[in-house]
Protein chains: 2
Amino acid sequence: MADLCNKVEENPMENGDEKEGEGVSRDGSLHGFESLHRLLSASLKPEIFKEVSRLLVGLNCGRVLETVALPESAVTHSSKYDFDVQAFCFHADKELLRQPRVVRVGLIQNSIALPTTAPFLDQKRAIMQKLKPVIDAAGASGVNILCLQEAWMMPFAFCTREKRWCEFAEPIDGESTQFLQDLARKYNMVIVSPILERDVNHGETLWNTAVVIGNHGNIIGKHRKNHIPRVGDFNESTYYMEGNTGHPVFETAYGKIAINICYGRHHPLNWLAFGLNGAEIVFNPSATVGELSEPMWPIEARNAAIVNSYYVGSINRVGTEVFPNPFTSGDGKPQHADFGHFYGSSYFSAPDASCTPSLSRCRDGLLISDMDLNLCRQLKDKWGFRMTARYDMYAELLSKYVKAEFEPQVIIDPLLQKKAL
Amino acid sequence: MADLCNKVEENPMENGDEKEGEGVSRDGSLHGFESLHRLLSASLKPEIFKEVSRLLVGLNCGRVLETVALPESAVTHSSKYDFDVQAFCFHADKELLRQPRVVRVGLIQNSIALPTTAPFLDQKRAIMQKLKPVIDAAGASGVNILCLQEAWMMPFAFCTREKRWCEFAEPIDGESTQFLQDLARKYNMVIVSPILERDVNHGETLWNTAVVIGNHGNIIGKHRKNHIPRVGDFNESTYYMEGNTGHPVFETAYGKIAINICYGRHHPLNWLAFGLNGAEIVFNPSATVGELSEPMWPIEARNAAIVNSYYVGSINRVGTEVFPNPFTSGDGKPQHADFGHFYGSSYFSAPDASCTPSLSRCRDGLLISDMDLNLCRQLKDKWGFRMTARYDMYAELLSKYVKAEFEPQVIIDPLLQKKAL
């Protein structure tokens, strides 16, 4: 595993120009740069770092982001198995009529464990084996709700457009789910497991699906990815189409959660719908690469948390996955065998506009945060976004918009000399 | 004017503890801190600043944010009249079937010009007098479309809840509009003028309105603020209610523009609606203070630009406005006479997730950016957000949601031991 991670870091310096041009040489330009937060922390004077943090991490009113001490075994695990672990705490005001509802939530980001040329079953089981100590660390740390990354049980092979990767698909109650059910039971932990699903009851159809496993190891339900990208290497509709499960919120022992899978984070209505259905925490398990989306990554989830008054947990996988057969990417560039660098950087956002620092851009990691779910309603009461949202106006507008004969509301300057644009 | 600006800067150091507690002492803790970008630029080594900029300003693919040289007269004006001026450039790819559509867009942020105790007409005219050289600098710089801040012709007095400030309201074609119509004509410039409107045709009703003035000095139309806050000192519905003008897009000589006024930036559906109607640039003239919203400020507009594939110009006023009669803010704190510090920080966001650095947190300023409007459609084609948005699903959901009997889609863990939460 260390080999793979190193490979990602070394490649840019050695082979960058031949492989990916600006993208890779850019990644190599700051050797050892793990996260924006750590980079700034190491580079700025403390008083300046404090002010920068206030703006970047969104901490107002003189508050500081607290870290949480984890048990010795979790820390030992992280060092023995070479993954990053960080833990923080979001606070809410004390209320007079409700007790605090503090839950401990975890996210895991990881690279794959074996080369994509290895036998499929070996690949899948090696990822499980790799994840086991990370999940154990989460369990030992008392995590209540844990979410893994998108399609965690396989390489993100959809860029190849080769159908043989479909073999990784599993039914909802398949091997990957069973593996996590045991751990959920053991640690009394809710686990969200995003997999490539094979729907055997509907003619073997594939879906990109999150399975929600209850803290007793039971399967509570599933959610299928609502919005499917057709961008560059993300030709995912080669494999699966738009989900048919609506916007379910899962009421678990530890709170109401929902899952906005990957590309759905670019769709404000998807975020909104989970909010309307009452979500308190929305996970965004993703697989996305630097050149395409890194500047958007710190923006979209935080915005969703702010405007929908809920917590968001954003997860992105780590590393560069190299495939056996080269492929093109619809960008006129030569064929290549990898998708680019999955930049990790998983983080939590809170409804008060604060967020945690991100995990590493290149290492496996476990991010934990305590969050008082009371904060969601407190922010709703404070800002009144629901009350002032005028949903009736937008229901009407969208109903008109979806009709082919929709005409936009445009007021043309009568003095305008029409130009051919 | 310089006095007022200095007052804002000096107050925190001298009277902070008595006046506002954490908020003011916080503002004073980094003397001379004008903007995050400038702070980091001055504090980081160049190679680190470059990488930090890539993430913060959203520049991928090795691109750099270009500055634009302005004419001597604009620079002289900024120094003579003590306002900040900065100019940048957003690029788009060259197309084979369309010429570039580069427009030069400007934003102005400013503090008020006279104490709020001065006669109202003097206050208004002093602001006009103060803005004149800034608008002249925009005109001399060849700005095509200029937007002023929310209710620019008056102090943001709505926190007082005193009705006497209603006197500042003007009809659409009132003195403020006439002042700008002359300048629009002179500089062949579209000007967006957010004012407090008095609707004489509907019984003197007040609205928070943006008047769109065409480049020939003609009034193209108006838009009334759609979402009205009831947050802390922002009890704006004391003065005006939710707008009744829908989501108009104004087709001007230089592109299709719309205005999302202030609190509407917290409403993703408001941003969305302007996008559905075809906006290429959406302005967000605002008045907001540090303690309440500063961590959200760099997030919401950028998110809107990304997910709606248009440019956004965000404007916030500057300084602390002290009112004659103290008022309370519904937060249990003692009465006080000001609203807090309007932190300026106006900036542009582009649909490719990049943005300009912000103007100062404490000085008047003119921010200019060239933007090739072709970038909007290029990003639509690249990301396909419209194509993948499934608006029909959301039209249906919102239509159900607005009914009183709506029941959220919740899947309850059957093993859940119900706790009294």
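Residues numbered from 1 in each chain as written. Chains lettered and ligands numbered in written order. Predicted model: local features only at pLDDT ≥ 70, side-chain atom pairs only at ≥ 80, totals over all residues. Heavy atoms only, no water.

Draft legend 1. Just the relation of the copies chain B and chain A, in detail. If you rotate chain B by 180 degrees and push it 0.0 Å along the axis, it lands on chain A with an RMSD of 0.0 Å. The two molecules are tied by a two-fold rotation axis, judged by turn and shift. Looking at the interface residues of chain B, 100% of them are also at the interface in chain A, so both copies use one shared face. (Least-squares fit on C-alpha atoms with pLDDT ≥ 70 in both. Contact = heavy atoms within 4.5 Å.)

Draft legend 2. Inspection of the interface of chain B and chain A at higher detail. Each partner contributes residues to the interface: chain B has 100 residues there, and chain A has 100 residues. The junction of chain B with chain A conceals about 9500 Å² of combined surface from both sides, 66% of it contributed by carbon and sulfur atoms. Connecting chain B to chain A are zero salt bridges. Remark: the boundary between chain B and chain A carries 36 residue pairs in polar contact (both at pLDDT 80 or more). Per-element accounting of the side of chain B that touches chain A gives the leading share, nine residues, to helix α12 (residues 391-401) of chain B. Looking at side-chain class alone, the side of chain B that touches chain A contains 53 nonpolar, 26 polar and 21 charged residues. As paired elements, strand β18 (residues 410-412) of chain A and strand β10 (residues 249-252) of chain B share three bridges and run parallel to each other. Bridge pairing links Ile411 of chain A to Phe250 of chain B in β10 of chain B. (Buried area = accessible area lost by both parts, 1.4 Å probe. Salt bridge = Lys/Arg side-chain N within 4 Å of Asp/Glu carboxyl O. Polar contact = N/O pair within 3.5 Å; in protein donor to acceptor, adjacent residues only side chain to side chain. Helix = DSSP H or I, 4+ residues; strand = E, 2+ residues; numbered from the N terminus. Nonpolar A, V, L, I, M, F, W, Y, C, P; charged D, E, K, R; others polar. Pairing = 2+ DSSP bridges.)

Draft legend 3. Broad picture of the packing of helix α5 (residues 72-80) of chain A against helix α6 (residues 120-140) of chain A. All names here are of chain A. Following both chains from N to C, one finds α5 and α6 inclined at 160 degrees, their axes separated by 8 Å at the closest point. With respect to their mutual orientation, α5 and α6 come out roughly antiparallel. The handedness of the crossing between α5 and α6 comes out as left-handed. Between α5 and α6, the contacting residues are Ser73, Ala74 and His77 on the first element and Pro133, Asp136, Ala137 and Ala140 on the second. By residue class, the composition of the contact of α5 with α6 is four nonpolar, two polar and one charged. (Axes fitted to C-alpha atoms, helices over the stretch in contact; angles between N-to-C directions. Parallel < 35°, antiparallel > 145°, perpendicular 65-115°, else oblique. Left-handed = near helix turned anticlockwise from the far one by under 90°.)

Draft legend 4. Spotlight on the confidence of the model for chain A. Residue and element names in this part refer to chain A. Confidence along chain A averages 90 in pLDDT terms, with 90% of residues attaining 70 or more. Segment residues 1-31 is flagged for pLDDT under 50; beyond a separation of four residues in sequence, or across chains, it makes 39 contacts in the model. This prediction of the complex comes with two scores: 0.92 for pTM and 0.91 for ipTM. (pLDDT = per-residue confidence, 0-100.)

Draft legend 5. Quick peek at the sheet that holds strand β12 (residues 281-286) of chain A. Taken together, the six strands give an open sheet; going across it, the order is β16(A)-β13(A)-β12(A)-β11(A)-β10(A)-β18(B), and neighbouring strands pair in mixed fashion. Looking at strand neighbours, the two that pair on one side only are β16 (347-349) of chain A together with β18 (410-412) of chain B, the edges of this open sheet. The mean inter-strand angle of the sheet, taken between neighbouring strand axes irrespective of direction, is 25 degrees. Across three bridges, the pairing between strand β13 (residues 311-316) of chain A and β16 of chain A is antiparallel. Looking at β16 of chain A, one finds that Ser314 of chain A is bridged to Tyr347 of chain A. This element, helix α8 (residues 268-276) of chain A, spans β10 (249-252), β11 (255-259), β12 and β13 of chain A of the sheet and lies at about 145 degrees to β12 of chain A. The sheet contacts of helix α10 (residues 297-308) of chain A involve β12, β13 and β16 of chain A, and relative to β16 of chain A the element is tilted by about 35 degrees.

Draft legend 6. Main features of the pairing of strand β2 (residues 84-90) of chain B. Residue and element names in this part refer to chain B. With seven of seven residues buried, β2 is to be regarded as a mostly interior element. Side chains of β2 alternate between two faces, with Asp84, Gln86, Phe88 and Phe90 and Val85, Ala87 and Cys89 buried alike. With two bridges joining them, strand β1 (residues 66-67) and β2 adopt antiparallel strand pairing. Bridged to Thr67 within β2 is Phe88. When β2 meets strand β17 (residues 365-372), the two strands line up parallel, connected through seven bridges. Following the sheet pairing, Asp84 is matched in β17 by Gly365. (Buried < 20%, exposed > 50% of the residue type's maximum accessible area, 1.4 Å probe, protein only.)

Draft legend 7. Layout of empty space enclosed by the protein. Under the defined criterion, the tally for this structure stands at 11 cavities of 30 Å³ or more. By volume, the largest cavity amounts to about 830 Å³. Lining the largest cavity are 45 residues, and of these Leu36, Leu56 and Arg302 of chain A together with Leu36 and Leu56 of chain B sit closest to its centre. Elements represented by at least two residues in the lining of the largest cavity include exactly α3 (36-43), α4 (46-58) and α10 of chain A together with α3 (36-43), α4 (46-58) and α10 (297-308) of chain B. Per-element tally for the lining of the largest cavity: the top contributor is α4 of chain A, with six residues. Classifying every residue of the lining of the largest cavity by side-chain character gives 27 nonpolar, 11 polar and seven charged. (1 Å grid on protein atoms, 1.4 Å probe; cavity = no way out; pocket = protein on both sides within 12 Å on 5 of 7 lines; lining within 4 Å. Points joined across faces, edges and corners; volume = space filled by probe spheres on them.)

Draft legend 8. The arrangement of the sheet that holds strand β13 (residues 311-316) of chain B in detail. Taken together, the six strands give an open sheet; going across it, the order is β18(A)-β10(B)-β11(B)-β12(B)-β13(B)-β16(B), and neighbouring strands pair in mixed fashion. Pairing within the sheet leaves two strands with one partner each, and these edge strands are β18 of chain A together with β16 (347-349) of chain B. Neighbour to neighbour, the strand axes of the sheet diverge by 25 degrees on average, direction disregarded. Helix α8 (residues 268-276) of chain B contacts β10, β11 (255-259), β12 (281-286) and β13 of chain B of the sheet and is inclined by roughly 145 degrees relative to β12 of chain B.

Draft legend 9. Molecular detail of helix α11 (residues 374-383) of chain A. When α11 of chain A is considered as a whole, its buried residues turn out to be Asn374, Leu375, Cys376, Gln378, Leu379 and Trp383 of chain A. The inward-facing, buried residues of α11 of chain A contact β13 and β17 (365-372) of chain A together with β8 (230-231) and α9 (290-293) of chain B. Directly after α11 of chain A, the chain includes Gly384 of chain A, whose backbone phi takes a positive value near 65 degrees.

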